[in-house]
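# Per-entry structural report
Single-letter residue listing:
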Amino acid sequence: MFDPIEVPPPPGPVVEFAQHVGRLHSLLDRVVVSAAGSCHLSRAEFDVLVALAAQSDGLRPRQLSEGLLLTTGGLSNILRRLQREGYIERQCEPSDRRGRMIRITAAGMALAREATFRVNASIERLLAPIDRMHLDQANAHLHLMLSDLGEDGPVHRLQGKVCPAQQGKQ
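Each chain carries its own residue numbering, running from 1 in the direction its sequence is written. Where local features are concerned, this predicted model is filtered to residues with pLDDT of at least 70; where side-chain atom pairs are given and counted, the filter is 80 or more; whole-chain, interface and lining totals use all residues. Only hydrogens and water are removed before side-chain values are computed, so all heavy atoms of the structure are retained for them.

- The chain has the name DNA-binding MarR family transcriptional regulator in an unreviewed UniProt entry, where Streptomyces demainii is given as its organism.

## With respect to the nonpolar core
- In this structure, L41, V48, L49, L52, L64 and L82 are the most contacted members of the largest nonpolar core, which totals 26 residues.
- Here a helix means four or more residues in a row that DSSP labels H or I, a strand means two or more in a row labelled E, and each is numbered from the N terminus. Secondary-structure elements contributing two or more residues to this core are α1 (13–37), α2 (43–53), α4 (72–84), β2 (96–104) and α5 (106–127).
- Of all the elements, α2 adds the most residues to this core, at six residues.
- Once residues lying within four places of it in the same chain are set aside, the contact partners of L52 are L59, L64, I88, I102 and I104. Joining through side-chain atoms within 4.5 Å is the link that ties buried Ala, Val, Leu, Ile, Met, Phe, Trp, Tyr and Cys residues into a set, and such a set is a nonpolar core. Each residue gets one of three labels from its accessible area relative to the maximum for its type: buried under 20%, exposed over 50%, partly exposed in between, using a 1.4 Å probe on protein chains only. Two residues qualify as a contact provided that any one of their heavy atoms is within 4.5 Å of a heavy atom in the partner residue.

## So, helix α3 (residues 61–68)
- Turning to α3, its buried residues number three or more, namely L64, S65 and G67.
- Immediately beyond the C-terminal end of α3, within one or two residues, lies L69, with a positive phi of roughly 55°.

## A short note on the side chain of S122
- Topologically, S122 is positioned in helix α5.
- Here S122 falls in the buried class, since its relative accessible area comes to 12%.
- Under the rule applied, a polar contact is a pair of N or O atoms within 3.5 Å (in protein, one hydrogen donor and one hydrogen acceptor; residues adjacent in sequence only if both atoms are side-chain atoms). Within polar-contact distance, the side chain of S122 engages the backbone oxygen of R118 at 3.0 Å.
- Of the polar contacts made by the side chain of S122, one reaches the side chain of R125; its length is 3.2 Å.
- Those residues within four positions of S122 in sequence are excluded, and the remaining contacts are V31 and A35.

Spelled out as structure tokens, the structure:
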């Protein structure tokens, strides 16, 4: 049992890393939510439109759900709103009548471009004080760490890229 007045031990490098990543995520999420909101999109709606914009043939709901780490229920609500606003279309697949493909419309593509421009500009402003070499190194290290955890694939999969760690597995 611990002495109640004993000072807790300082965090080790793993906890320190998690604290740094958590803080950076909070800062980034704040600017992304604000920029997407300026286009009347939630963060998740923005992510769905950008994923669909990168896939001209469309995506199945399951692909979106897995790639964006969204629940199927949450995704259904997002898709309903985007369809109601005319930004996406849900189409039956000729080869599988039960299957649906989600495709972005011209209006959705225009909105995705505008929102992406605003989000990217906001992130660039936030990270502008950071030395570019440090950003490049951090990006490379985080990519390797996520690959080691088997979690980097979705980032690249929905952008039509192959994760370097996954190249030999395909």
